[in-house]
Structures are given as structure tokens and as C-alpha cells.
Amino acid sequence: QVRLVESGGGLVQAGESLRLSCAASGPTFATAAMGWFRQPPGKEREFVAVIGWTNSSANYADSVKGRFTISRDNPKNTVYLQMNSLKPEDTAGYYCNADVSLVRLRARGGDSWGQGTQVTVSS
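Rules behind the numbers
- Residues numbered from 1 in each chain as written.
- Predicted model: local features only at pLDDT ≥ 70, side-chain atom pairs only at ≥ 80, totals over all residues.
- Heavy atoms only, no water.
- Phe/Tyr/Trp six-rings, centres within 6.5 Å; stacked < 30°, edge-to-face > 60°.
- Helix = DSSP H or I, 4+ residues; strand = E, 2+ residues; numbered from the N terminus.
- Lys NZ or Arg CZ within 6 Å of the ring centre and 35° of its normal.
- Buried < 20%, exposed > 50% of the residue type's maximum accessible area, 1.4 Å probe, protein only.
- Pairing = 2+ DSSP bridges.
- Axes fitted to C-alpha atoms, helices over the stretch in contact; angles between N-to-C directions.
- Disulfide = S-S within 2.5 Å.
- Contact = heavy atoms within 4.5 Å.

Take the packing of aromatic side chains next. Going through the model one piece at a time under the given rule, you end up with three aromatic pairs. Centre to centre, the rings of tyrosine 95 and tryptophan 113 are 6.3 Å apart; their planes meet at 80°, and the pair counts as edge-to-face. With a gap of 18 residues between them, tyrosine 95 in strand β9 (residues 92-99) and tryptophan 113 in the loop between α1 (102-108) and β10 (117-122) connect regions that are remote in the sequence. The residue whose ring lies beneath arginine 19 is tyrosine 80, and the NZ or CZ to ring-centre distance is 3.9 Å.

Backbone geometry follows two general trends: most residues other than glycine have a negative phi, and most peptide bonds adopt the trans configuration. Although it is not a glycine, asparagine 77 adopts a positive phi angle of roughly 50°. Checked against the element boundaries, asparagine 77 lands in the loop between β7 (68-73) and β8 (78-83). Under the relative-accessibility criterion, asparagine 77 is labelled buried at 16%. The phi angle at serine 85 is positive, at roughly 50°, despite the residue not being glycine. A residue is classified by how much of its surface remains accessible, and serine 85, at 40% relative accessible area, is partly exposed.

With that settled, consider the sheet that holds strand β1 (residues 3-7). Across the sheet, four strands lie side by side as β1-β3-β8-β7; this open sheet has antiparallel pairing. Strands at the two margins of the open sheet, each flanked by one partner only, are β1 and β7. Direction aside, neighbouring strands of the sheet carry axes that sit 15° apart on average. Bridge analysis of strand β3 (residues 18-25) against β8 gives six bridges, and the strand direction is antiparallel. If you follow arginine 19 over to β8, its bridge partner there is glutamine 82.

The next thing to look at is the state of the cysteines. Inspection of every chain in the model, using the stated rule, returns one disulfide. The partner cysteine of cysteine 22 in its disulfide is cysteine 96, sulfur to sulfur 1.8 Å. Taking the sign of the torsion about the S-S bond as the criterion, the disulfide between cysteine 22 and cysteine 96, at about 60°, is right-handed. Of this pair, cysteine 22 sits in strand β3 while cysteine 96 sits in strand β9, and the two are 74 residues apart along the sequence.

Bringing the side chain of aspartate 99 into the picture now. In this structure, aspartate 99 sits in strand β9. Here aspartate 99 falls in the buried class, since its relative accessible area comes to 9%. When neighbours within four sequence positions are excluded, aspartate 99 is seen to be in contact with Phe29, Ala30, Thr31, Ala32, Ala33, Arg104, Leu105 and Arg108.

Geometric descriptors of this kind do not, in isolation, establish any biological role.
The structure is reproduced here in C-alpha cells:
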């Protein structure tokens, strides 16, 4: 079992930045790939970013590319999402998940989701 706890969300103005954290507990192999997903109000959950074991493996949704950066600290078993130049359309609940495969994680997400952390961007 992998337990994931998201934190770092909040209320910010457009153009400001936030850094989300996702702390993982469980087998290391099960978190070889980690990623962020979001669900805007009234919308379906969507992919944001994924990363493999090394920071060079990051992959992003077009809507956030150039503004968001995903990274991980393996000794801390934690993945981060640095969000710059935030826009009102970034408003969503943000969730992290993990898998043994980066490709599968991006395509499928996870079978279960935690509480997430809310990001609200005002105009």
C-alpha cells in the first residue's frame, strides 16, 4: 500500500506562485513514477505532470508546460509541483498519485485518490 499526502495549496492572485508537496509512504518500487492531477470545479480530473525516478524524466500537460515544474526528492520520498504564473483556470483540487510506470500513470492515474489540496487563483 502506498499512502500519499498532498499539501501546499491555497488562495492566490493571478500571476503568483505556489509549491505543492506530496509525501509518499510505502514500497519504493510502487512510487517509481509519481504525478499530479487536478479536478477543476464541475470538471473531470485531468493530467498535469508526471515524473520518473529522476528529475529529467518529467512530462507535462500542454496547459501547464512552461509554467509548472514537477520534481522529486527521493530520500524524502516526496514529489513537488512548483506552479508559477498561476491563472484562474488553474483553480482545482490537486491530487498526486504513483505507479511503477510513468506511461501508465500518465494514462490512467490511480485506482484510488487521497484528499488532495485545493488551489484557488483569483483574478
